[in-house]
Amino acid sequence: MFSAIAAVVVVLTQLGAMAIEEEASIDSLGEFVGAHHWTQMKQKCGLTIDRSFDPRLLCYSLLSLPDGLSADIEVLHLSPSIVLFHNVISPSERRQLILAAKNLVRPALIQNSTTQQHHVSDSRVVNGTFLPMEKYPITHRLANIVRSLTGFNVDCAELFNVLFYERGGHYSIHHDALILPTQSWTQALLEEMYTNARNCWEGTASWLLAIDCAYFLVRDVLNKWRSGRLRRFYQQRIDSPTRAQLGNRLATFMFYVDVPSAGGGTLFPQLNLTVNADAGDAILWFNIFPNGTNDYDTIHGACPVVHGSKKVATMWIRQRDQTFSLLCPLERAKAFAVEDFTGRILGQM
Ligand SMILES: O=C(O)CCC(=O)C(=O)O
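Since the model is a prediction, treat every value here as computed from it, not as a measurement.

**Q** Which parts of the structure should I look at to understand unusual backbone geometry?
**A** Note on backbone geometry: most residues besides glycine have negative phi, and most peptide bonds are trans. Cis geometry marks the peptide bond from Ser-79 to Pro-80; its omega dihedral reads 5°. Positionally, Pro-80 belongs in the loop between strand S2 (71–77) and strand S3 (82–86). One non-glycine residue, Asn-87, lies in positive phi territory at about 55°. Turning to its location among the elements, Asn-87 is positioned in the loop between S3 and helix H3 (91–102). A positive phi angle, close to 50°, is found at Asn-272, a residue other than glycine. Here Asn-272 is to be found in the loop between strand S13 (266–268) and strand S14 (273–275).

**Q** It is not clear to me how the site of the ligand should be interpreted in this structure. Could you clarify?
**A** Around the ligand lies a shell formed by Leu-163, Tyr-171, Asp-176, Thr-266, His-300, Ala-302, Val-312 and Thr-314. Of all the elements in the fold, those that place two or more residues in the shell around the ligand are strand S16 (300–302) and strand S18 (310–318). Taken together, the residues that form the shell around the ligand break down as 4 nonpolar, 3 polar and 1 charged.

**Q** Looking at this structure, I do not really get the pairing of S3. What am I missing?
**A** A regular strand places its side chains so that they alternate between the two faces of the sheet. Of all 5 residues making up S3, 4 are buried, and the element is well covered by its neighbours. With 5 bridges joining them, S2 and S3 adopt antiparallel strand pairing. By the bridge assignment, Ile-73 is partnered in S3 with Phe-85. Once S2 ends, the chain turns through 4 residues before running back antiparallel as S3.

**Q** Which parts of the structure should I look at to understand the sheet that holds S16?
**A** In a beta sheet, neighbouring strands pair by backbone hydrogen bonds and run either parallel or antiparallel. Here we have 5 strands laid out as an open sheet, ordered S7-S10-S16-S13-S14, and antiparallel in their pairing. Edge positions in the open sheet fall to strand S7 (124–125) and S14, since each of these has one partner strand only. Pairing analysis gives 2 bridges linking S7 to strand S10 (residues 170–174), with the strands arranged antiparallel. Across the sheet, Arg-124 pairs through a bridge with Tyr-171, a residue of S10.

The rules we used
- Residues numbered from 1 in each chain as written.
- Predicted model: local features only at pLDDT ≥ 70, side-chain atom pairs only at ≥ 80, totals over all residues.
- Helix = DSSP H or I, 4+ residues; strand = E, 2+ residues; numbered from the N terminus.
- Near = placed C-beta within 6 Å.
- Nonpolar A, V, L, I, M, F, W, Y, C, P; charged D, E, K, R; others polar.
- Buried ≥ 20, exposed ≤ 12 C-beta atoms within 10 Å, placed from the backbone.
- Pairing = 2+ DSSP bridges.

Here it is, written out as structure tokens:
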């Protein structure tokens, strides 16, 4: 009798677990914007981290970093190295970040590799914003954390990019390295006019304001043309340090500010790795080889969120001014190895 009841309980538990798994899968979302980007990849979003196959996948604690920080570091992949930092921002820091970004987020854009224009796309369904550092002190705290945990110079890094994903939100597989400018000044002019027009249009509530907005955009370009500054102005834009001179996006450091209860993992399809981190964790990966060419093994994407919402804050660390923070690997066309990176942090202590 007891064994019959036990068997029923086991079957019911298994059915319950299957139902939960089913509900948590991407299929349970039904139709969502950009779903077709995931037809090949959705199985991989369900991967869990396999920690058993390589004893060199270490987990260790850094106890006395600058700024009173400590961190548990987990090496998720050796080469290219992908590292997870556990519990590096507090609930109060996470709240401050969300408050800062809440009213600024807008549909995130992607860059077209041929035209280099930025536009909305169903391959990136998320609201995002860059946070100006002078306005939000929390970003200084986060930048210090990145500096301490990675040993990289972050003075030339990009502003924090905060992303808010809702149910069905995702970012299909892509690479973070930039398409560095091979632009002509006329392309730069068109790109800027397009961006200004978009920003201006979004802020207008009526046709009258939209006409006003168009008038100012055209007047601005005409003024530059009349004063003979048109070409010089856009040439400077191309040569500006925010473009080529900062180098490429050497590495990506991303804080998990809020995590969904299902879906939304960060997927590295070439490495068969899906990271479902906890809120407060952070991850680091490299986008290029030490010799500067792109490392496509770190292409990645944000799996569709199935339940709840997800928020991340990303800093793209540039190549510039890392002279004293990168080891010189003997084989420069090999991916960054985890020792290049952990050796440096451990050396700081
Ligand atoms: O949200 C994620 O997990 C990844 C975000 C990402 O890939 C990006 O912003 O480039």
